[in-house]
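Commentary on secondary and tertiary structure
So you can see what is in the structure, the chains are spelled out below.
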Amino acid sequence: LPGAGTCYQQAKRVLHAAVPDRLHARERETGVIRQFLREHVCGRRPGSLYVSGPPGTGKTACLSRVLLDCKDELAGSKTVVLNCMSLSSPQGVFPAVAQQLGLPAAAGREGMRRLEKQLTAQGPMVLLVLDELDQLESKEQDVLYTLFEWPQLPGSRLVLVGLANALDLTDRGLARLGARPAGGPRLLHFPPYSREQLAAILQERLGQVAGDPVLDAAALQFCARKVSAVSGDARKALDVCRRAVEVVELEVRSQSLLKPLPGGE
């Protein structure tokens, strides 16, 4: 089977959860994020956006796609992207942001005050993207509250985008913000992918591999149905298919090793 190995390699590559050129069934959400960044970062209007949705529904991928597509438009501002999973405590977000902005290290309240002063001083807009925002929850919710309050301060140049799995984080933790005249953050929810959407995502990915389909349509439909019933998580669907390709690959390899030699008895 000449070239068979390469088709499996290709299939496994396209099934990785990388950021694709086009995100299937996420045109509306991508449009909302793009419009928000244009309005606030390019339009120099501080503000905040809270993006929620279960894991694997395309939140990070959509935002990464928009940041790539709008690179030139955002060139005049400073973009800081942080995954809050990498922080050892919720309070750790302040020194981490300060470091990205080139501020000298300072711990505790002093560091926080310095950062606030910096974000309300003259200068280019700062786009702060906080992924896995749920990690910043604390008993008093003071960390989240402080962050979402900063875009509302006089002279602020902060545009904050937070991504989290929890739908009600803003209701629980930031109810006080909604009561303010400026209001709370703008909300954008990513629903779980449906069976049809998951099947289309898998077909679109595997359609990039030349030659006969590596996995047949019925297998893709089965995978989409199972994953949508449990979670609607696209990463899970990609994982399942990648593992299926590995199984097929091993079978084919063992068969070709056991084939009798041509002309042999």
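Residues numbered from 1 in each chain as written. Predicted model: local features only at pLDDT ≥ 70, side-chain atom pairs only at ≥ 80, totals over all residues. Heavy atoms only, no water.

1. As for the environment of cysteine 70
By the element assignment, cysteine 70 lies in the loop between helix 3 (59–69) and strand 2 (78–83). Owing to a relative accessible area of 4%, cysteine 70 belongs among the buried residues under this scheme. In sequence terms cysteine 70 and alanine 25 are 45 residues apart; their C-alpha atoms lie 20 Å from each other. (Helix = DSSP H or I, 4+ residues; strand = E, 2+ residues; numbered from the N terminus. Buried < 20%, exposed > 50% of the residue type's maximum accessible area, 1.4 Å probe, protein only.)

2. With respect to the nonpolar core
Residues Val93, Leu115, Leu130, Leu133, Leu136 and Leu147 are the most contacted members of the largest nonpolar core, which totals 30 residues. With residues near it in sequence (within four places) discarded, leucine 115 still touches Phe94, Val97, Ala98, Leu101, Leu103 and Trp150. Core analysis: the second largest hydrophobic core is formed by 25 residues, Cys7, Val209, Leu220 and Cys241 among them. (Core = buried A, V, L, I, M, F, W, Y, C linked by side-chain atoms within 4.5 Å. Contact = heavy atoms within 4.5 Å.)

3. Thoughts on the packing of aromatic side chains
This model, assessed by the stated rule, comprises 1 aromatic pair. Arginine 26 extends its terminal NZ or CZ atom over the ring of tyrosine 193, reaching a point 4.1 Å from the ring centre. (Phe/Tyr/Trp six-rings, centres within 6.5 Å; stacked < 30°, edge-to-face > 60°. Lys NZ or Arg CZ within 6 Å of the ring centre and 35° of its normal.)

4. A short note on the pairing of strand 4 (residues 158–164)
Extensive coverage of strand 4 is indicated by the burial of 7 of its 7 residues. Burial of the side chains of strand 4 extends over both faces: Leu158, Leu160, Gly162 and Ala164 are buried on one face and Val159, Val161 and Leu163 on the other. Alignment of strand 1 (residues 47–52) against strand 4, held across 6 bridges, turns out to be parallel. Paired with tyrosine 50 across the two strands is glycine 162, which belongs to strand 4. Where strand 3 (residues 126–131) lies against strand 4, 5 bridges are found, and the strand directions are parallel. Each bridged residue has a counterpart across the sheet, and for leucine 128 the counterpart in strand 4 is leucine 160. Read as a crossover between parallel neighbours, the route from strand 3 over helix 6 (residues 142–149) to strand 4 is right-handed. (Pairing = 2+ DSSP bridges. Right-handed = clockwise from strand over helix to strand, strands pointing away.)

5. Comments concerning the domain arrangement of the chain
As far as domains go, the chain holds domain 1 (3–18 + 193–258) and domain 2 (27–189). On a C-alpha basis, the centres of domain 1 and domain 2 stand 35 Å from each other. Between domain 1 and domain 2, the residue contacts involve 5 residues of the former and 4 residues of the latter. Contact between domain 1 and domain 2 buries roughly 340 Å² in total, counting both sides, with carbon and sulfur atoms accounting for 45%. A per-residue breakdown of the area domain 1 buries against domain 2 is headed by Tyr193, Asp233 and Arg235, which together make up 77% of the total. Here domain 1 is connected to domain 2 by 0 salt bridges. At the surface where domain 1 touches domain 2, the tally comes to 2 residue pairs in polar contact (both at pLDDT 80 or more). Residues belonging to the side of domain 1 that touches domain 2 are distributed by class as follows: 2 nonpolar, 1 polar and 2 charged. (Domains from an automatic or database assignment. Buried area = accessible area lost by both parts, 1.4 Å probe. Salt bridge = Lys/Arg side-chain N within 4 Å of Asp/Glu carboxyl O. Polar contact = N/O pair within 3.5 Å; in protein donor to acceptor, adjacent residues only side chain to side chain. Nonpolar A, V, L, I, M, F, W, Y, C, P; charged D, E, K, R; others polar.)

6. Description of unusual backbone geometry
Positive phi, close to 55°, is recorded for arginine 44, a residue that is not glycine. Position of arginine 44 relative to the elements: it lies in the loop between helix 2 (27–42) and strand 1. Unusually for a residue other than glycine, glutamate 132 sits at a positive phi of about 55°. Note that glutamate 132 resides in the loop between strand 3 and helix 6.

7. Structural notes on the environment of valine 214
Positionally, valine 214 belongs in the loop between helix 9 (195–206) and helix 10 (217–230). Residue class for valine 214 comes out buried when judged on its relative accessible area of 17%. For the pair valine 214 and valine 245, spaced 31 residues apart in sequence, the C-alpha to C-alpha distance is 7.2 Å. If sequence neighbours within four positions are ignored, valine 214 has contacts with Cys7, Tyr8, Ala11, Val209 and Val245.

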